[in-house]
Amino acid sequence: MCGQLTSDLESAWNKLKGEGLTSTFDFIVFFLTVANDVNSGFSPCGLGCLRKQVRLAMADNGSLNDDTKDQNTSSLEIVNGESSIDELSREIQETLTLSQRHKFWETQPVGQFKDLTDTSLPEGPIEPPTAISEVKQEPYNLPNLYEWVTCDMNSEETCAEVYNLLSNNYVEDDENMFRFNYSKEFLRWALHPPGYYKTWHIGVCVKSSKKLVAFITGIPARIRVRTDVVSMAEVNFLCVHKKLRSKRLAPVMIKEVTRRVHLENIWQAAYTAGVVLPTPITSCQYWHRSLNPKKLIDVGFSRLGPRMTMSRTLKLFKVPDSPATPGFRKMELRDVPAVTRLLRAYLMQFVVAPDLDEPDVEHWVLPKEEVVDSYVVESPEDHKITDFCSFYTLPSSILGHPIHSILKAAYSYYNVSTKTPLVQLMNDALIVAKQKGFDVFNALDVMHNESFLKELKYGPGDGKLHYYLYNYRIKHILRPSELGLVLL
Ligand SMILES: CCCCCCCCCCCCCC(=O)SCCNC(=O)CCNC(=O)[C@H](O)C(C)(C)COP(=O)(O)OP(=O)(O)OC[C@H]1O[C@@H](n2cnc3c(N)ncnc32)[C@H](O)[C@@H]1OP(=O)(O)O
């Protein structure tokens, strides 16, 4: 029966399996990709086979719990070939709804799993804005021992408290070996773009001791979705102290940041998370390029490949001493107009991307020591800026290692090539990152990144990053390459 699957379907399925199905969301993406791509002539036997495969994979992946397994044995079993993509879609969604409840997120204006294939729902805002006077004027209630604080990140003391909270409690990998260690300078940069609101840098502290125990932030941004440029908040740095987890504090914090964003007459937001929530607009994968393979192996970030020795590994990942592209140099203030033009033109091709003007570019990409690095290619002939690449610095703490405590990681940011091939530009980025002492260069498979990842010896990581919009519906799940947005 599988022989009747279209070759597209089979290869999509095999690719997904080869890459390791990691979440329920993978099934949805797989299914919807297939549903979008396969035309109405899709064979019913193929559908039966797809149905079986999806069911088996969901069971393997633990996406069906004991209650839902029984109910779905009957509805997802292979039937006589009368089913349609729509029926199958409904069945998968029912399964997902039964197995994954989101008490908080189900109450929010975000795309819900059950709406995923309802193409009658329009793209755009889910709820209309209300009058500012109707926005709740007082903060949400917190449990009695705690109070809200607004964090002034210009204050050295406050910035240090936020840094300490995050460096001890923020995002870790699945095995709890590494934890993001955003520097104070980075946090100030990330939270102070043009037009930022201090009131969107929100802390929760213990009333009696004033100890900071939770944090969430928003910053303003213009994000274009297709042709619609929307004022949004980018929400980030949601963190609850480890000792206060699972007490439903996060939903209160999200509601409070939402309220404060509404007070500025902004009704949409963009955010990313490592967890699957209703409902990603796309799901991206991290790729890692070793620059200091010995250290990466010593600390357990990577493993020696099969049939590889350390000396062969060192040779494999060695990069030249200096960039190859004539005219490749650090970006300067005078480059802001040219880089803005390059970036604006480049980002137009993606479905979702920031709408950046010169002040934004000056803030976000002008080099800042130990925070963001940007390079341009200036044509030696006519001195025009033809290409641009950038990365930001985000170290991770290495947890419980006797020798190493910090992993120095560069993250690919925005890159534009009009003359230098992208792969050459990104090789030069690796070279300067190596010169600066980075251990690893990370990149998501967004924008055109897929075109250089394999060639430049990046390997796929196991982390996924899901992108979300709040109060804005997108009809189809995007491919990562349709996304032109990097959130910090
Ligand atoms: C218009 C303006 C709108 C502005 C707002 C736009 C939305 C912004 C949204 C925020 C964007 C943040 C972007 C980033 O910063 S992503 C980085 C998130 N931070 C970390 O991963 C750091 C380590 N973890 C923690 O500090 C805690 O585990 C957090 C704080 C994450 C949850 O705390 P805790 O573990 O103690 O849980 P709870 O009992 O309080 O609450 C449980 C509820 O919270 C939902 N949950 C869990 N993790 C996330 C998550 N990463 N995004 C959104 N929701 C999340 C969860 O599904 C459940 O809801 P539901 O499943 O029952 O429904």
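The structure under discussion appears in the preceding block.
The structure reproduced in this document is the subject of the present report. Just so it is clear, the model here is predicted, and its values are computed rather than measured. (Residues numbered from 1 in each chain as written. Predicted model: local features only at pLDDT ≥ 70, side-chain atom pairs only at ≥ 80, totals over all residues. Heavy atoms only, no water.)

### Considering the environment of Asn 415
Here is step 1: Within the element layout of this structure, Asn 415 appears in the loop between strand E14 (409–412) and strand E15 (416–417).
Here is step 2: When the C-alpha positions of Asn 415 and Phe 237 are compared, they lie 24 Å apart, and in sequence the two are 178 residues distant.
Here is step 3: Residues in contact with Asn 415, not counting those within four places in the same chain, are Tyr 346, Phe 388, Cys 389, Ser 390, Leu 422, Met 426 and Asn 449.
Here is step 4: Side-chain polar atoms of Asn 415 contact the backbone nitrogen of Ser 390, separated by 3.1 Å. (Helix = DSSP H or I, 4+ residues; strand = E, 2+ residues; numbered from the N terminus. Contact = heavy atoms within 4.5 Å. Polar contact = N/O pair within 3.5 Å; in protein donor to acceptor, adjacent residues only side chain to side chain.)

### A look at the sheet that holds strand E13 (residues 406–407)
Here is step 1: Spatial strand order, E2-E12-E13: three strands in an open sheet with antiparallel pairing. Only two strands of the sheet have a single partner each, and these edge strands are strand E2 (178–180) and E13.
Here is step 2: Alignment of strand E12 (residues 396–398) against E13, held across two bridges, turns out to be antiparallel. Considered in E13, the bridge of Ser 397 is made with Ile 406. (Pairing = 2+ DSSP bridges.)

### Details of the nonpolar core
Here is step 1: One finds Phe 388, Tyr 413 and Tyr 467 to be the most contacted residues of the largest nonpolar core, which totals 77 residues.
Here is step 2: For this core, the element with the most residues is helix H11 (residues 336–347), which contributes seven residues.
Here is step 3: Both domains that meet at this core, namely domain 2 (124–269) and domain 3 (282–482), each give it at least three residues.
Here is step 4: Those residues in contact with Tyr 467, other than ones at most four positions away along the chain, are Tyr 271, Thr 272, Pro 280, Ile 281, Thr 282, Cys 284, Leu 444, Val 446, Leu 483, Leu 485, Val 486 and Leu 487.
Here is step 5: Grouped together as the second largest cluster of nonpolar side chains are 29 residues, Trp 105, Tyr 146, Ile 254 and Val 257 included. (Core = buried A, V, L, I, M, F, W, Y, C linked by side-chain atoms within 4.5 Å. Buried < 20%, exposed > 50% of the residue type's maximum accessible area, 1.4 Å probe, protein only. Domains from an automatic or database assignment.)

### What to know about the pairing of strand E16 (residues 440–444)
Here is step 1: For E16, a buried count of five out of five residues is recorded, marking the element as mostly surrounded by other parts of the structure.
Here is step 2: Burial along E16 is two-sided: Val 440, Asn 442 and Leu 444 facing one way and Phe 441 and Ala 443 facing the other are all buried.
Here is step 3: In this structure, strand E7 (residues 282–290) lies alongside E16, joined through five bridges in antiparallel fashion. Looking at the pairing, His 288 lines up with Asn 442 of E16.
Here is step 4: Bridge count between E14 and E16: three bridges; the pairing is parallel. Within E16, the residue paired with Tyr 411 across the bridge is Asn 442.

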